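Read off the chains here:
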Amino acid sequence: MSVKSTSRYVLDNANQIASVGGDWDRFAIENDAPDAMAGAVIGHDVWDFVTGLETKAYLSRIFFACRMDMKTFQLLYRCDAPEVKRLFRMKIYPKAGGELLLEHELVHSRKSLAHHKVTNFTDHYDSTRCSVCCSFLIGSNWIDTFAIPEERYFAKSYVVCPECRKAAADQLRAEQDPDDVIDLSQFIK
């Protein structure tokens, strides 16, 4: 699949969803998520829709850095559907008054050739999944299985794997003015 789409939303300075646009509602409908349509999310705190304390902290730190530096930030992340592997680019644009415009552009999608399950990993599979790259923690390794866990094995905790934390820290460092460098790596852990 190569259909490009972009969804966007604006967060006010208190991280409430002020507006949505682009392909927001179409994406919600196509992914059988009527509770994620514009009317159901506008006015709500963005954290109501983010799973996992570590993921919330990760995004909060990125939002804080964008607001403080008034610089655009972008990262790639996965947002898979049951039979589609999807890669998105999130761009965060800081605005006056502490608002943030977040754009989510579909970069690539690919249908799965087979419907795989991860039941064969149950001895090592602890249901921890990276919110950014969708890898599962299997044993002590982060592995992109691109497999759909059976319902009883859906991710029970969402975190941010070390590679994704490092990528965000590197991106934040690259965006900083060399004369005004604050090492944020300690905060993106």
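Residues numbered from 1 in each chain as written. Predicted model: local features only at pLDDT ≥ 70, side-chain atom pairs only at ≥ 80, totals over all residues. Heavy atoms only, no water.

Draft legend 1. Molecular detail of the packing of aromatic side chains. For the structure on display, the rule yields four aromatic pairs. When the ring of Phe27 is compared with that of Phe88, the centres are 5.7 Å apart and the planes differ by 90 degrees; the resulting orientation is edge-to-face. In this pair, Phe27 is assigned in helix α1 (residues 24-30) and Phe88 in strand β4 (residues 84-94), connecting sequence segments 61 residues apart. Three or more aromatic residues joined by ring pairs make a cluster, and in this case those are Phe27, Tyr77 and Phe88. (Phe/Tyr/Trp six-rings, centres within 6.5 Å; stacked < 30°, edge-to-face > 60°. Helix = DSSP H or I, 4+ residues; strand = E, 2+ residues; numbered from the N terminus.)

Draft legend 2. Representation of the pairing of strand β5 (residues 100-111) in the model. In this sheet, β5 lies alongside strand β1 (residues 6-11) in antiparallel orientation, the contact comprising six bridges. Within β5, the position partnered with Thr6 by the bridge is Glu105. Here β4 hands over to β5 after five residues, with Gly97 in that stretch at a positive phi of 80 degrees. (Pairing = 2+ DSSP bridges.)

Draft legend 3. Expanded view of the pairing of strand β3 (residues 73-78). Relative to β4, β3 runs antiparallel, the two sharing six bridges. Looking across to β4, one finds that Leu76 is bridged to Arg89. Hairpin connection between β3 and β4: a loop of five residues separates the two successive antiparallel strands.

Draft legend 4. Fine view of the nonpolar core. Within the largest apolar cluster, 32 residues are counted, with the highest numbers of intra-cluster contacts made by Ile62, Phe63 and Ile92. Among the secondary structure elements, those contributing two or more residues to this core are β1, α2 (38-41), α3 (53-69), β3, β4, β5 and α4 (162-175). Contact partners of Phe63, with chain neighbours within four places excluded, come to Leu11, Asn15, Val46, Trp47, Ile92, Leu100 and Leu102. (Core = buried A, V, L, I, M, F, W, Y, C linked by side-chain atoms within 4.5 Å. Buried < 20%, exposed > 50% of the residue type's maximum accessible area, 1.4 Å probe, protein only. Contact = heavy atoms within 4.5 Å.)

Draft legend 5. Structural detail: unusual backbone geometry. A positive phi angle, near 65 degrees, is found at Asn15, a position not held by glycine. On the secondary structure map, Asn15 appears in the loop between β1 and β2 (17-22). We note that Met70 has phi near 50 degrees; this positive angle belongs to a residue other than glycine. Along the chain, Met70 turns up in the loop between α3 and β3.

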